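One-letter residues, chain by chain:
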Amino acid sequence: MKQEITLLDVTLRDGSHSMRHAFTEEQVRQVARGFEQAGVKYFEVSHGDGLGGSSLQYGFSTVDELKLIEAASEECKNANISVLILPGIGLKEDMEDAKRAGAKMVRVATHVTEADVAKQHIHLGRNLGLKTVGFLMMAHMAPTATLVQQAKLFESYGAEIVYVTDSAGALLPHEVKEKVSALKENLSCEVGFHAHNNLSLAMANSMAAVEAGATYIDGSLRCLGAGSGNTQTEVMVAVFERLGYESGIKLFPIMDVANEVVAKFMPRPQEITGSSLMMGYSGVYSSFLLFTQEAAKRYNVDERDILLQLGKMQAVGGQEDLIYEVARELVAKNVITK
Ligand SMILES: C[C@H](O)CC(=O)C(=O)O
Ligand SMILES: [Mn+2]
């Protein structure tokens, strides 16, 4: 019997960063229809920074995420919609609204050392009858023992799956293996893994995660996501099938939605540019990419210098304002390298 894994697609959520949160209802419907036909079990829809993310700080959504969740849900009979929520950005009401709009799963995301802020959200997810997941972001920033401690908190609150989230695309395969194995040894719930491709390691890291026992792996079509994007879903379908795993996703239909739908609205190819490489190298949150490019342009400084400095400062999600501060400091110090 083939071992089952769930490939959870985040094109319509992590991809929202790359799309500057401008998904249209028609784009979402087309992708959702494609997922339904291809046999995808779970896919995520919401603002890139999760429910309630539409704001001056993170970027306003063109179309209200609830409308997008509702539209996606209307297209699906078997595929289930997940939403992401970051405590402090999204509210209790947002989770309730998302459930009414058709969400079946909620992933509660915190910085890797802050699982304790998710207790109420995990409880609420369970009370709403949603499949409830803990999502430990910027996993490269904590030693494995801390990650285990934090994952245990999530599990104790009721999370049914806990994710190791490589938000900066900074982890190397042996580190993924160590972290996922430690969670498998210390938790009873399932373990998931979310990669970013900033060091061209998303696929290798996803394979390392599955080999270490992860059963949920995130991906996005054509890699559409923050930074250099995520592990490419349609490629994972092929690779994991070759490795003898069963994802339930049909290869040709998932390739069709990637190439006939998503590729046509992507604003740019998901390449590993100088800046996204630097994010993986210095451990910077992938969703900082477009803000960094804007700040570099505005202050005429090298994006790589901003990113190196943000990495040294250990900047985390929610500190987007630091990007501009660092750019201004580089100007003040006369580090004008462009
Ligand atoms: C809010 C972030 O975009 C969540 C995520 O996908 C990550 O940390 O990676
Ligand atoms: Mn991500």
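Read on for an overview of the structure. (Residues numbered from 1 in each chain as written. Chains lettered and ligands numbered in written order. Predicted model: local features only at pLDDT ≥ 70, side-chain atom pairs only at ≥ 80, totals over all residues. Heavy atoms only, no water.)

## As for the packing of helix 9 (residues 233-242) against helix 10 (residues 251-265)
Two numbers describe how helix 9 lies on helix 10: the axes approach to 9 Å, and their chain directions differ by 160 degrees. Relative to helix 10, the element helix 9 is oriented roughly antiparallel. With respect to the hand of their crossing, helix 9 and helix 10 are arranged in left-handed fashion. Facing Thr 233, Glu 234, Val 237 and Ala 238 of helix 9, the residues of helix 10 in contact are Leu 251, Ile 254, Met 255 and Ala 258. Considering only residue class, the contact of helix 9 with helix 10 consists of six nonpolar, one polar and one charged. (Axes fitted to C-alpha atoms, helices over the stretch in contact; angles between N-to-C directions. Helix = DSSP H or I, 4+ residues; strand = E, 2+ residues; numbered from the N terminus. Parallel < 35°, antiparallel > 145°, perpendicular 65-115°, else oblique. Left-handed = near helix turned anticlockwise from the far one by under 90°. Contact = heavy atoms within 4.5 Å. Nonpolar A, V, L, I, M, F, W, Y, C, P; charged D, E, K, R; others polar.)

## Things to note about the coordination of the manganese ion (ligand 2)
Every protein donor of the manganese ion (ligand 2) is listed here as Asp 14 (OD), His 194 (NE2) and His 196 (NE2), and their distances to the metal cover 2.0 to 2.2 Å. The sequence motif formed by the donor residues of the manganese ion (ligand 2) is D-x179-H-x1-H. The burial state of His 194 is the same as that of His 196; both residues are buried. (Donors = N, O, S within 2.8 Å, 3.2 Å for Na, K, Ca; no water. Buried < 20%, exposed > 50% of the residue type's maximum accessible area, 1.4 Å probe, protein only.)

## Some thoughts on the nonpolar core
Among the nonpolar cores identified, the biggest contains 79 residues, and Val 31, Phe 43, Val 162, Leu 183 and Ile 254 are the most heavily contacted of them. For this core, the element with the most residues is helix 10, which contributes six residues. Dropping the residues within four chain positions of it, Val 162 is found in contact with Gly 134, Leu 136, Ala 151, Phe 154, Glu 155, Leu 183, Leu 187, Cys 189, Glu 190, Val 191 and Gly 192. The next biggest cluster of nonpolar side chains, apart from the first, holds 39 residues, and it includes Leu 8, Ile 306, Ile 323 and Tyr 324. (Core = buried A, V, L, I, M, F, W, Y, C linked by side-chain atoms within 4.5 Å.)

## Thoughts on the pairing of strand 5 (residues 103-111)
Buried residues dominate strand 5, accounting for eight of its nine residues. In this structure, strand 4 (residues 80-85) lies alongside strand 5, joined through five bridges in parallel fashion. Bridged to Ile 85 within strand 5 is Val 108. Pairing between strand 5 and strand 6 (residues 131-137): seven bridges, direction parallel. Across the sheet, His 111 pairs through a bridge with Met 137, a residue of strand 6. Viewed along the sheet, the connection from strand 5 through helix 5 (residues 119-127) into strand 6 turns out right-handed. (Pairing = 2+ DSSP bridges. Right-handed = clockwise from strand over helix to strand, strands pointing away.)

## Quick word on the site of ligand 1
Near ligand 1 lie 14 residues; those nearest to it are Arg 13, Asp 14, His 17, Ser 167 and His 196. A distance of 2.9 Å separates an oxygen atom of ligand 1 from a polar atom in the side chain of His 17. His 194 has a polar side-chain atom sitting 3.2 Å from an oxygen atom of ligand 1. When ligand 1 is considered free in solution it has 270 Å² of accessible area, and contact with the protein chains removes 98% of it. (Near = heavy atom within 4 Å. Polar contact = N/O pair within 3.5 Å; in protein donor to acceptor, adjacent residues only side chain to side chain. Areas by Shrake-Rupley, 256 points an atom, 1.4 Å probe, with all protein chains shown as cover.)

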